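The residues making up each chain are set out below.
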Amino acid sequence: MNPPPRDHRRLVPAYLATTGRAVPSRNTFDRLTVLHAPGDPAGSGLRPEQRRLLELLQPGPLSLAEAAAHLRLPVSVVKVMVADLVDAGRLSARAPVPDAELPERQILEKVLDGLRTLRSSR
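Small disclaimer: the values here were computed from a predicted structure and weren't measured.

Colleague: Tell me about the overall build of the protein, and name the residues and values.
Modeller: Secondary structure assignment for the protein yields 4 helices and 3 strands. The secondary structure elements of the protein, listed N-terminal to C-terminal, are β-α-β-α-α-β-α. Looking at the protein residue by residue over its 122 residues, the buried ones come to 29%. The long-range share in the protein, meaning contacts at least 24 apart out of those at least 6 apart in sequence, stands at 73%. Working note: accessible area of the protein is about 9100 Å², and carbon and sulfur atoms make up 56% of it.

What follows is the structure in structure tokens.
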């Protein structure tokens, strides 16, 4: 007889990761906020979910949405956790890098002319 399929639901409700709070201490984060943990994830006073988040960020920065997906927690819950960790100085968060501005048309035309000259000289 085959065992029943594993249930991947969390055993503990997600809101307990924030000690029941639903609103972050700061409302400056969105899904694209870039998170970076500069220090060691070990430390006292951290809840297991906070420690997991800091460990997840050790290889490099992630967006808030990516971190939430890896942690299998709602973005709203991770926002509260991130706010707590930023307030404690354990995590840094910044707005995403804006899209690069397009180069001026004149520059693109000069590059295109140069490429055409190179091609015709072959």
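There is more to say after this.
Colleague: Describe in detail helix 2 (residues 64-71), supporting the description with residues and values.
Modeller: Listed as buried for helix 2 are Leu-64, Ala-67, Ala-68 and Leu-71. Buried residues along helix 2 cover an arc of 100 degrees about the axis, so they all sit on one side. Helix 2 presents Ala-69 and His-70 as exposed residues on the side facing more than 90 degrees away from its buried surface. Positive backbone phi, at 60 degrees, marks Arg-72, one or two positions downstream of helix 2.

Colleague: Tell me what's going on with unusual backbone geometry, and back it up with residues and numbers.
Modeller: One non-glycine residue, Arg-72, adopts positive backbone phi at about 60 degrees. Inspection of the secondary structure assignment puts Arg-72 in the loop between helix 2 and helix 3 (75-87). With a relative accessible area of 57%, Arg-72 lands in the exposed category.

Colleague: Can you lay out the nonpolar core for me, pointing to particular residues and giving the numbers?
Modeller: Formed by 22 residues in total, the largest nonpolar core has its most connected members in Leu-35, Leu-53, Leu-57, Leu-64, Val-78, Val-82 and Leu-91. Contributing elements (two or more residues each) for this core: helix 1 (48-56), helix 2 and helix 3. Examining the composition of this core, we find that 8 residues originate from one element, helix 3, more than from any other. Setting aside residues up to four positions removed in sequence, Leu-57 forms contacts with Leu-35, His-36, Ala-37, Leu-62 and Leu-91.

Colleague: Before we move on, could you go through the sheet that holds strand 1 (residues 34-36) and cite the residues and values that matter?
Modeller: Two pairing modes exist for strands in a sheet, parallel and antiparallel, and in both the strands are linked by backbone hydrogen bonds. Sheet architecture is open: 3 strands sit in the order 2-1-3, paired in antiparallel fashion. Edge positions in the sheet fall to strand 2 (62-63) and strand 3 (92-94), since each has one partner strand and no second.

Colleague: Before we move on, could you go through the packing of helix 2 against helix 3 and cite the residues and values that matter?
Modeller: Close contact between helix 2 and helix 3 brings their axes to 9 Å; oriented N to C, the two are set at 110 degrees. The orientation of helix 2 relative to helix 3 falls into the category roughly perpendicular. Here helix 2 contributes Leu-64, Ala-65, Ala-68 and Leu-71 to the contact with helix 3, which in turn contributes Val-75, Val-78, Lys-79, Met-81 and Val-82. Of the residues belonging to the contact of helix 2 with helix 3, the class tally is 8 nonpolar, no polar and 1 charged.

Colleague: With reference to specific residues and values, describe helix 4 (residues 105-120).
Modeller: With 16 residues, helix 4 extends 23 Å between its outermost C-alpha atoms, agreeing within 8% with the 22 Å of an ideal straight helix rising 1.5 Å per residue. Among the 16 residues of helix 4, 0 are classified as buried, and the element is accordingly described as predominantly exposed.

Reading the values: rules and limits
Residues numbered from 1 in each chain as written. Predicted model: local features only at pLDDT ≥ 70, side-chain atom pairs only at ≥ 80, totals over all residues. Heavy atoms only, no water. Helix = DSSP H or I, 4+ residues; strand = E, 2+ residues; numbered from the N terminus. Buried < 20%, exposed > 50% of the residue type's maximum accessible area, 1.4 Å probe, protein only. Contact = heavy atoms within 4.5 Å. Areas by Shrake-Rupley, 256 points an atom, 1.4 Å probe, with all protein chains shown as cover. Arc of directions from axis to C-beta. Core = buried A, V, L, I, M, F, W, Y, C linked by side-chain atoms within 4.5 Å. Pairing = 2+ DSSP bridges. Axes fitted to C-alpha atoms, helices over the stretch in contact; angles between N-to-C directions. Parallel < 35°, antiparallel > 145°, perpendicular 65-115°, else oblique. Nonpolar A, V, L, I, M, F, W, Y, C, P; charged D, E, K, R; others polar. Expected span 1.5 Å × (residues − 1).

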